[in-house]
Amino acid sequence: MYFFSESRTVIEKLIHNSTRPVPKQIASPADRGYITITMRMNGPIILLKEGTENSQGKQQIISNINACQVVAEAVRTTLGPRGMDKLIVDGRGKTIISNDGATILKELDVVHPAARTLVDIAKAQDAEVGDGTTTVTLLAAEILKQCKPLIEDGIHPQITIRSLRTALRMAVAKINEIAVKVEKGDPKKQRALLEKCAMTTLSSKLVASQKEFFAKIVVDAVMQLDELLPLNMIGIKKVQGGAMEDSMLISGVAFKKTFSYAGFEMQPKKYLNPKIVLLNVELELKSEKENAEIRVESVQEYQNVVDAEWEILYRKLEKIHESGAKVVLSKLPIGDVATQYFADRDMFCAGRVPDDDLKRTLKACGGAVLSTCYDITDNFLGTCEVFEEKQIGGER
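Below, the structure is looked at part by part. (Residues numbered from 1 in each chain as written. Predicted model: local features only at pLDDT ≥ 70, side-chain atom pairs only at ≥ 80, totals over all residues. Heavy atoms only, no water.)

**Quick notes on the environment of Lys270**
With respect to the helices and strands, Lys270 occurs in strand β5 (residues 270-272). In sequence terms Lys270 and Glu388 are 118 residues apart; their C-alpha atoms lie 4.3 Å from each other. Excluding anything up to four places from it in sequence, Lys270 contacts Val386, Phe387 and Glu388. (Helix = DSSP H or I, 4+ residues; strand = E, 2+ residues; numbered from the N terminus. Contact = heavy atoms within 4.5 Å.)

**Regarding the pattern of salt bridges**
Inspection of the entire model under this criterion finds 10 salt bridges. The salt bridge involving Lys237 is made with Asp357; its shortest N-O contact spans 2.9 Å. You can see Lys237 sitting in the loop between α8 (211-223) and β5 and its partner Asp357 sitting in helix α11 (residues 355-365), a full 120 residues away along the chain. By relative accessible area, Asp357 is classed as buried at 1%. (Salt bridge = Lys/Arg side-chain N within 4 Å of Asp/Glu carboxyl O. Buried < 20%, exposed > 50% of the residue type's maximum accessible area, 1.4 Å probe, protein only.)

**With respect to a nonpolar patch on the surface**
A surface patch of nonpolar side chains, about 320 Å² in accessible area, is lined by Val218, Val222, Leu229 and Leu231. Relative to the helices and strands, Val222 is located in helix α8. Of the residues examined, Val222 reaches a relative accessible area of 31% and is grouped as partly exposed. (Patch = residues over 30% accessible without salt bridge, like charges linked within 9 Å, V, L, I, M, F, W, Y side chains within 5 Å. Areas by Shrake-Rupley, 256 points an atom, 1.4 Å probe, with all protein chains shown as cover.)

**Some points on the pairing of strand β4 (residues 95-98)**
Residues Ile96 and Ser98 of β4 are buried on one face, while the alternating residues Thr95 and Ile97, pointing to the opposite face, are not. By the bridge criterion, four bridges tie strand β3 (residues 86-89) to β4 in an arrangement that is antiparallel. Paired with Leu87 across the strands is Ile97, a residue of β4. Hairpin connection, β3 to β4: the antiparallel pair is bridged by five residues, and Gly93 has positive phi, about 90°. (Pairing = 2+ DSSP bridges.)

**A few points about the packing of helix α2 (residues 58-75) against helix α4 (residues 113-128)**
At their nearest, the axes of α2 and α4 sit 8 Å apart, and the two run at 45° to each other. Taken together, α2 and α4 sit at an angle that is classed as oblique. Crossing hand, α2 versus α4: right-handed. For the pair α2 and α4, contact is made by Asn64, Ala67, Cys68 and Val71 and by Ala114, Ala115 and Leu118, respectively. Classifying every residue of the contact of α2 with α4 by side-chain character gives six nonpolar, one polar and no charged. (Axes fitted to C-alpha atoms, helices over the stretch in contact; angles between N-to-C directions. Parallel < 35°, antiparallel > 145°, perpendicular 65-115°, else oblique. Left-handed = near helix turned anticlockwise from the far one by under 90°. Nonpolar A, V, L, I, M, F, W, Y, C, P; charged D, E, K, R; others polar.)

**Points about the environment of Tyr271**
Structurally, the position occupied by Tyr271 is in strand β5. What makes Tyr271 buried here is its relative accessible area of 8%. Each C-alpha atom of the pair Tyr271 and Val386 lies 5.8 Å from the other, and the pair is 115 residues apart in sequence. Residues in contact with Tyr271, not counting those within four places in the same chain, are Lys326, Val327, Asp346, Met347, Phe348, Glu385, Val386 and Phe387. Here Asp346 takes part through its backbone oxygen, which lies 3.2 Å from a polar atom of the side chain of Tyr271. (Polar contact = N/O pair within 3.5 Å; in protein donor to acceptor, adjacent residues only side chain to side chain.)

**Side note on unusual backbone geometry**
In the Ramachandran plot, Asp346 falls in the positive-phi region, its phi being about 55° despite a non-glycine side chain. Relative to the assigned elements, Asp346 resides in the loop between α10 (336-344) and β8 (348-350). Given a relative accessible area of 44%, Asp346 falls into the partly exposed group.

Right, here's the structure in full:
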C-alpha cells in the first residue's frame, strides 16, 4: 500500500535528510522523481470501538424479527376489553399494574436494538394519539412474522418493503373511504362522537364498568381547553375513599391541602374574587447551614442577630399583606409564624404547593411566580371567581 502526502519536506528530512522542494500535487507511485513509502498491512483497519459486534445478512434479520416477536408476546394478553393486567416490579421494588402497552414496554427496559423499535412505536402512538399502543405493537410484530418466511426463502428485503408500502397506500385509501367525518358545525353531534371515542378507549381500562360516566368527564375536560390542546393543563388527583361515581370534574385548579400549622384552621375557607400571589419564597426562619459559623462577643450581639432574622421575616409578611392579596401560595415552606400572621389578617396561605399545580394556577388565574416579596404590584397578582377549601374523601 502506498502513502503520499503533500508535506514532503518532513518525510524527506526523516528518511533522506534532503532539502528537495515539495511538489504541489500528490504524486503517483510510478513517478520515480518523488519519494514513495511502501508498507504491508498486517491486520484489518479498526473503525469501531473495541467490543462492538457487527452482524449482517439473512440470519441477523431473522434474529431481529424473533426479538420483536418476544416483545409482542409480552403485551399480547393485554389487548382488548378482556385483556389481563401486568404486574411489573422494578429493581427498586416499585410495583406497577397496567394493561397499557406503552407503560409496560417502557418499564420492561428492553435493550435489544431491533426490539427497541417496537417500544419507540408504542411511545410515538401514545404521544400522538393517546390510545392503541398495544395494537400498533402487535400489528408491527405480526407484519414482521409474515415477512420472516420470505426472508428465509431468499427474497431481498427491499422487495418486501416495496410490497408493504403498496399495501400501506391501499390501507390508507380504504380508511379514508370508510372514515367518519367530525361535524364541528353541530356541537351535539361532535360531542356524541367524542364520547363514543372516549368510551372505546376506556373499554380496556379498570374503569370500564363506568365508562359512560367517565367519558362525559373526559370530554368536558378536553372541551374546556383551547385549540392547541395543552393536555398537561388537565390534572388528575387521586383520593382514597368513596366510589368511582364520586369522581368529579372541577372547572379550575385543584390541589391537595399542603402541610400546615395550627394557625391554618383560623383562616377563612372561602373567598370571592380574591387576589392571588404566587411565590417561590421561603416564609419561615431559616436554620443555619451545617458549616456556618457566627462568632459573637456578647449576649447583645447574639440578640441583634436574632432580631435581624425576625425583622427580615416580618418585613416580607408586611409587603405581602400590603399588596392586597388574600391567597398566598408558595412552592417553598410557609412556617408557623407566617401562618398565624396571615390568619390574623383573614388571609389564606399554603406552602410546598407542587410545581405542576402552581403552573396550572398561573395559567388559569394569571399573575407571575415571584422570587421576592418586595415591589409586589397588581400586575403580578392573579385572580379567580371563587377560592374554596373542601373535604373530599379522606383529604382536603
